[in-house]
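Fold and geometry: a report
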Amino acid sequence: MNNRYAVILAAGKGTRMKSDLYKVLHQVCGKPMVQHIVDQLKGCQVDKAITVVGHGAEKVKEQLGADVSYVLQEEQLGTGHAVLQAEPMLGNQNGTTIVVCGDTPLLTSETMNSLIEEHESKNAKATILTALASDPTGYGRILRSHEDGTVKKIVEHKDASEEERLVKEINTGTYCFDNQALFQALKNVGNDNVQGEYYLPDVIEILQEQGKIIAAFQTPLFSETIGVNDRVALSQAEKVMKNRINERLMRDGVTLIDPDNTYVSSDAKVGRDTIIYPGTIIKGETIIGELCEVGPHSEIENSKIGNNTLIKQSVVHDSDVGDFVSIGPFSHLRPKTQLNDHVRVGNFVELKKTSMGEGSKASHLSYLGDAEIGNGVNVGCGSITVNYDGKNKYLTKIEDGAFIGCNSNLIAPVTIGKEAFIAAGSTITDDVPSESLAIARQRQTTKEGYTKKKNIGK
Ligand code: UD1
Ligand code: CA
């Protein structure tokens with residue numbers, strides 16, 4: 001097989017986004033656009049991938065990490081100039097180079113592979129991925145020979161004549177090149193155009209005039225090639241990606257009651273026969289098991305959920321939840337919460353860095369932070385851990401089978417022993433041994449006849 005290289009263009013500022021965030025870092029379905037490209041390229045057996053960075057270089061590198069190599073384009077003089085920055089790394093290599101823009105997040109590895117195959121089978125020096133757009137405004141147009149239909153050149157929208165603008169076949173910004181031919185041609189690209197930039201697409205005309213074979217691979221999927229230059233296109237990309245993800249989930253056996261109102265990140269996994277209700281947002285690398293019910297109106301981020309678990313109107317972040325767990329309505333699991341199987345967390349319960357053992361319950365109105373709770377514990381309504389003294393956080397331990405009466409304050413650090421009882425309304429400051437009862441509240445005083453006495457003199 002030919003050597004394969006990839007160049008990803010990600011140095012532009014993205015002026016049209018009107019944003020402090022660099023364009024290629026804007027997210028589509030929870031993942032930065034340029035990360036989508038890099039992830040799809042993983043399916044293309046590329047020997048070396050080079051990302052051209054410039055605006056926000058450090059942030060882009062931080063995002064992509066060691067998955068790719070980098071070259072810096074200090075001044076953004078155009079897409080041709082951008083690719084030329086990779087010459088010291090790639091210029092001498094033999095092989096095929098695929099060039100992709102960091103702002104075309106919907107492109108799939110299948111389409112990239114079809115493009116590479118077309119390029120290699122035609123023995124072309126350059127192959128353009130094209131598409132037919134009903135509204136081609138803003139895209140470069142593919143100009144073909146009237147005689148034999150071969151590609152002559154690409155003209156940018158801004159440089160195109162009225163007649164050229166009628167052409168609906170667009171340059172998607174993705175190409176395959178013979179690596180050596182690419183870098184030789186790039187040296188001849190000038191900047192005599194409306195934008196005063198060195199255009200990568202000009203390489204096509206240069207190679208064509210040298211009599212080299214230029215091919216074009218037209219994908220029927222224009223929606224896959226959207227270039228995101230502004231927030232309107234960003235929302236279109238979001239929609240296309242969302243439909244793609246939701247359709248995959250449904251084909252894999254997940255029920256989505258209202259796909260238009262269900263948002264699942266591209267890296268999340270959901271098991272068969274799980275039902276997702278409207279208004280649910282599943283972010284990051286969340287994994288949800290089989291036979292769960294999630295939503296309506298729930299947000300789950302970077303969490304692992306077992307099988308047969310229910311999550312209603314709740315928020316779950318960076319947490320680990322077992323099987324047959326019931327969460328909500330209106331629960332909030334903050335980071336590092338761990339719920340074992342058959343746990344129940346109910347109305348208005350907030351947990352943070354807390355583990356609950358099998359079958360334990362906190363059904364109503366509790367805050368449990370920095371706590372280790374054993375199996376079969378019942379945390380009564382309104383009970384809380386007092387984990388913070390204004391400076392430090394302390395641990396509360398509640399051992400197996402303990403019963404925490406309603407409205408108790410457990411002042412950490414404190415341990416409640418196995419099967420101990422805490423009387424309702426207690427404020428517990430000292431450890432409670434196993435199997436004992438702790439009552440920490442004032443005895444009741446009752447003053448009989450009080451109402452009548454109060455009314456004396458009326
Ligand atoms: C480009 C193409 C156009 C095509 C369209 C498809 C050119 C001149 N035009 O136009 O034919 O139809 O994409 O979406 O190539 N970049 C750099 N350095 C630069 C300039 C740009 O790295 O100096 C990067 C940008 O970050 C971006 C990509 O290259 O990811 C494309 O640049 P952009 O300005 O968006 O090009 P378009 O005007 O969309
Ligand atoms: Ca673009």
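Now for a quick tour of the structure. (Residues numbered from 1 in each chain as written. Chains lettered and ligands numbered in written order. Predicted model: local features only at pLDDT ≥ 70, side-chain atom pairs only at ≥ 80, totals over all residues. Heavy atoms only, no water.)

Remarks on the coordination of the calcium ion (ligand 2)
Metal coordination angles have textbook ideals: 109.5 degrees for a tetrahedral set of four donors and 90 or 180 degrees for an octahedral set of six. Within the first shell, the calcium ion (ligand 2) binds the protein through Asp103 (OD) and Asn229 (OD1), at distances of 2.3 to 2.4 Å. Here the residue aspartate 103 occupies a position in the loop between strand 6 (96–101) and helix 5 (109–121), and asparagine 229 occupies one in the loop between strand 11 (214–219) and helix 9 (231–251), the gap between them amounting to 126 residues. For aspartate 103, a relative accessible area of 12% corresponds to the buried category. (Donors = N, O, S within 2.8 Å, 3.2 Å for Na, K, Ca; no water. Helix = DSSP H or I, 4+ residues; strand = E, 2+ residues; numbered from the N terminus. Buried < 20%, exposed > 50% of the residue type's maximum accessible area, 1.4 Å probe, protein only.)

Some details on the site of ligand 1
Among the 25 residues in the neighbourhood of ligand 1, the closest are listed as Gln73, Thr79, Gly140, Glu156 and Asn171. Note that an oxygen atom of ligand 1 is positioned 3.1 Å from one of the side-chain N or O atoms of lysine 23. Between ligand 1 and the protein, one listed contact pairs a nitrogen atom with a side-chain N or O atom of glutamine 73 at 2.7 Å. The fraction of the free accessible surface of ligand 1 (760 Å²) that becomes covered by protein chains is 91%. Using a 2 Å cut-off from the grid points, one finds that ligand 1 occupies the largest pocket. For the shell around ligand 1, the secondary-structure elements that each account for two or more residues are strand 1 (4–10), helix 3 (79–84) and strand 10 (169–178). The greatest single-element share of the shell around ligand 1, amounting to three residues, is contributed by strand 10. (Near = heavy atom within 4 Å. Polar contact = N/O pair within 3.5 Å; in protein donor to acceptor, adjacent residues only side chain to side chain. Areas by Shrake-Rupley, 256 points an atom, 1.4 Å probe, with all protein chains shown as cover. 1 Å grid on protein atoms, 1.4 Å probe; cavity = no way out; pocket = protein on both sides within 12 Å on 5 of 7 lines; lining within 4 Å. Sits in = over half its atoms within 2 Å of the grid points.)

A word on a nonpolar patch on the surface
Taken together, the side chains of Phe403, Phe421, Leu437 and Ile439 make up a nonpolar region of the molecular surface, amounting to roughly 410 Å² of accessible area. Mapped onto the secondary structure, leucine 437 falls in strand 37 (residues 437–438). (Patch = residues over 30% accessible without salt bridge, like charges linked within 9 Å, V, L, I, M, F, W, Y side chains within 5 Å. Salt bridge = Lys/Arg side-chain N within 4 Å of Asp/Glu carboxyl O.)

Remarks on the layout of surface pockets
In this structure, the largest pocket encloses a volume near 1100 Å³. Lining the largest pocket are 37 residues, and of these Arg16, Lys23, Thr79, Asp103 and Asn229 lie nearest its centre. Elements that contribute at least two residues to the lining of the largest pocket include exactly strand 1, helix 3 and strand 10. A per-element tally of the lining of the largest pocket places strand 10 first, with four residues. Its residues assigned to classes, the lining of the largest pocket shows eleven nonpolar, 19 polar and seven charged. Thr137, Tyr139, Gly227, Ala233 and Gln236 are the residues nearest the centre of the second largest pocket, which is lined by 13 residues in total. Its residues assigned to classes, the lining of the second largest pocket shows five nonpolar, five polar and three charged. (Points joined across faces, edges and corners; volume = space filled by probe spheres on them. Nonpolar A, V, L, I, M, F, W, Y, C, P; charged D, E, K, R; others polar.)

Regarding the packing of aromatic side chains
Within this structure, the stated rule accounts for four aromatic pairs. Summarising the aromatic geometry, the rings of phenylalanine 330 and phenylalanine 348 are spaced 5.4 Å apart at their centres and angled 10 degrees between planes, so their arrangement reads as stacked. Linking phenylalanine 330 in the loop between strand 24 (326–327) and strand 25 (331–333) with phenylalanine 348 in strand 27 (residues 344–356), this pair joins segments that are 18 residues apart in sequence. A relative accessible area of 43% means that phenylalanine 330 is categorised as partly exposed. Note that lysine 393 overlies the ring of tyrosine 388, its terminal NZ or CZ placed 4.9 Å from the centroid. (Phe/Tyr/Trp six-rings, centres within 6.5 Å; stacked < 30°, edge-to-face > 60°. Lys NZ or Arg CZ within 6 Å of the ring centre and 35° of its normal.)

Points about the pattern of salt bridges
For the structure shown, the criterion picks out 13 salt bridges. In this structure, lysine 23 engages aspartate 103 in a salt bridge whose closest nitrogen and oxygen atoms are separated by 2.8 Å. Of the two residues, lysine 23 is situated in the loop between strand 1 and strand 2 (27–28) and aspartate 103 in the loop between strand 6 and helix 5; the sequence distance between them amounts to 80 residues. You'll find lysine 23 and aspartate 103 in the same group, each marked buried.

Quick look at the environment of lysine 48
With respect to the helices and strands, the residue lysine 48 is situated in strand 4 (residues 48–53). The partly exposed category is assigned to lysine 48, whose relative accessible area is 31%. Distance from lysine 48 to glutamate 372, taken between C-alpha atoms, is 48 Å for residues 324 residues apart in sequence. When sequence neighbours within four positions are dropped, the list of residues in contact with lysine 48 reads Arg4, Tyr5, Ala6, Ser69 and Met89. (Contact = heavy atoms within 4.5 Å.)

Some points on the packing of helix 7 (residues 179–186) against helix 8 (residues 202–209)
The N-to-C vectors of helix 7 and helix 8 enclose an angle of 105 degrees; their axes lie 9 Å apart at closest approach. As far as their axial angle goes, helix 8 and helix 7 are roughly perpendicular. Here Ala181, Leu182, Ala185 and Leu186 of helix 7 lie close against helix 8, whose contacting residues are Val203, Ile206 and Leu207. (Axes fitted to C-alpha atoms, helices over the stretch in contact; angles between N-to-C directions. Parallel < 35°, antiparallel > 145°, perpendicular 65-115°, else oblique.)

Regarding helix 2 (residues 57–64)
Those residues of helix 2 that fall on the buried side of the exposure criterion are Ala57, Val60 and Leu64. Looking straight down helix 2, one finds its buried side chains confined to an arc of 65 degrees; they lie on one side. Exposed and facing more than 90 degrees away from the buried side of helix 2 are Glu58 and Glu62. Buried residues along helix 2 sit against helix 1 (33–41), strand 4 and strand 5 (69–72). Once helix 2 finishes, glycine 65 follows within two positions and takes phi at roughly 60 degrees, a positive value. (Arc of directions from axis to C-beta.)

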